[in-house]
Amino acid sequence: MAKKSKQLRAALEKIDSTKLYSVEEAVALAKETNFAKFDATVEVAYNLNIDVRKADQQIRGAMVLPNGSGKTQRVLVFARGAKAEEAKAAGADFVGEEELVAKINDGWLDFDVVIATPDMMAVVGRLGRVLGPRNLMPNPKTGTVTMDVAKAVEESKGGKITYRADKAGIVQAIVGKVSFDADKLVENFKAFNDVIVKAKPATAKGTYIQSLTITTTQGVGIKVDTNSL
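Residues numbered from 1 in each chain as written. Predicted model: local features only at pLDDT ≥ 70, side-chain atom pairs only at ≥ 80, totals over all residues. Heavy atoms only, no water.

> Is there a simple way to think about helix α2 (residues 23–33) in this case?
Since the α-helix packs 3.6 residues into each turn, any two residues three or four apart lie on the same face. Those residues of α2 that sit buried are V23, A26, V27, L29, A30 and T33. Projected down its long axis, α2 shows its buried positions confined to an angular sector of 165°, all on one face. (Buried < 20%, exposed > 50% of the residue type's maximum accessible area, 1.4 Å probe, protein only. Helix = DSSP H or I, 4+ residues; strand = E, 2+ residues; numbered from the N terminus. Arc of directions from axis to C-beta.)

This is how it looks when you write it as structure tokens:
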């Protein structure tokens, strides 16, 4: 623990908490100050001036990062017949129907993404209490309720991320791993920023992006100048 505290202090000394860094500086600092022993995830967090209680100010969606997320997603698909075969051929880790509902209700959660064909949603709906709080419920807005299961599986395996504003208007998302080249992280960050900017609700008043930080797993938050994006 003492060693970790020393590493944390060293990281804090390199980061000026009062400064807004350009996206390139922030990414370089995030890589430099990472002290995790594993290939840490790089995340961004937006504090948005929105009221998620209003239906037209809820921000939610999905996108495929230009350079992938670096995270291996375990994909579960609810489908039957030909669609189940398509999902398997596309590389889904788990494919099934009712038997998967029972397994999940018994506590099995060894998956990261859930995709379903529209006709299976009545079955999947029974898992609302389990999947909902974990943000795993299939949703047309994130492309996880679809007849094109092959495309959905391939995207999930190829760097697709989902995002959603919480009650406080915070949106967090993965933009890659510390092992990524800095320019690839910057490109992913800018691509995600474009999505957030375009998602600005027409009814949102005042400064939309209140603050923006980038951090690594166990790392220190680095404030980013939104104008540099």
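> Can you walk me through the sheet that holds strand β4 (residues 94–96) in this structure?
The strands making up a sheet are joined through hydrogen bonds of the backbone, oriented either antiparallel or parallel. One open sheet accounts for 3 strands, arranged β4-β3-β5; its pairing is parallel. Every interior strand has two partners, whereas the edge strands, β4 and β5 (113–116), have only one. If you compare each strand with its neighbour and ignore which way they point, the axes differ by 15° on average. Its contacts with the sheet put helix α4 (residues 98–105) on β3 (75–78) and β4, and the angle it makes with β3 is roughly 130°. (Pairing = 2+ DSSP bridges. Axes fitted to C-alpha atoms, helices over the stretch in contact; angles between N-to-C directions. Contact = heavy atoms within 4.5 Å.)

> I tried to follow helix α3 (residues 81–90) on my own but got confused; where do I start?
Taken residue by residue, α3 has A84, A87 and A90 as its buried positions. Here the buried residues of α3 occupy an arc of 125° about the axis, which is enough to place them on one side. Among the exposed residues of α3, those pointing more than 90 degrees away from its buried face are A82 and A89. G91, located one to two residues past α3, shows a positive phi value of around 105°.

> Just checking my understanding: could you explain the nonpolar core for this structure?
The nonpolar side chains of a soluble globular protein tend to be buried with one another. V44, Y46, L48, F189, F192 and I214 are the most contacted members of the largest nonpolar core, which has 41 residues in total. The greatest single-element share of this core, amounting to 6 residues, is contributed by helix α8 (residues 182–198). In this structure, Y46 is in contact with G169, I170, V171, F189, F192, N193, I196, I209, S211 and L212, ignoring residues within four places of it in sequence. With 16 residues, the next largest nonpolar core counts L76, V101, W108 and L131 among its residues. (Core = buried A, V, L, I, M, F, W, Y, C linked by side-chain atoms within 4.5 Å.)

> Just checking my understanding: could you explain the side chain of S228 for this structure?
Here S228 shows up in the segment after β9 (222–223). Polar contacts involving the side chain of S228 include one to the main-chain amide nitrogen of V23, which spans 2.9 Å. If sequence neighbours within four positions are ignored, S228 has contacts with Y21, S22, V23 and K190. (Polar contact = N/O pair within 3.5 Å; in protein donor to acceptor, adjacent residues only side chain to side chain.)

> Would you explain the packing of α2 against α8 in this entry?
A packed helix pair is summarised by two numbers, namely the angle formed by the two axes and the spacing between the axes. Where α2 meets α8, the closest approach of the two axes is 10 Å, and the angle between their N-to-C directions is 125°. Between α2 and α8, the angle is such that the two are oblique. Here the hand of the crossing between α2 and α8 comes out right-handed. Contacts from V23, E24, V27 and K31 in α2 reach A182, L185, V186, F189 and K190 in α8. When grouped by side-chain class, the residues that make up the contact of α2 with α8 number 6 nonpolar, no polar and 3 charged. (Parallel < 35°, antiparallel > 145°, perpendicular 65-115°, else oblique. Left-handed = near helix turned anticlockwise from the far one by under 90°. Nonpolar A, V, L, I, M, F, W, Y, C, P; charged D, E, K, R; others polar.)

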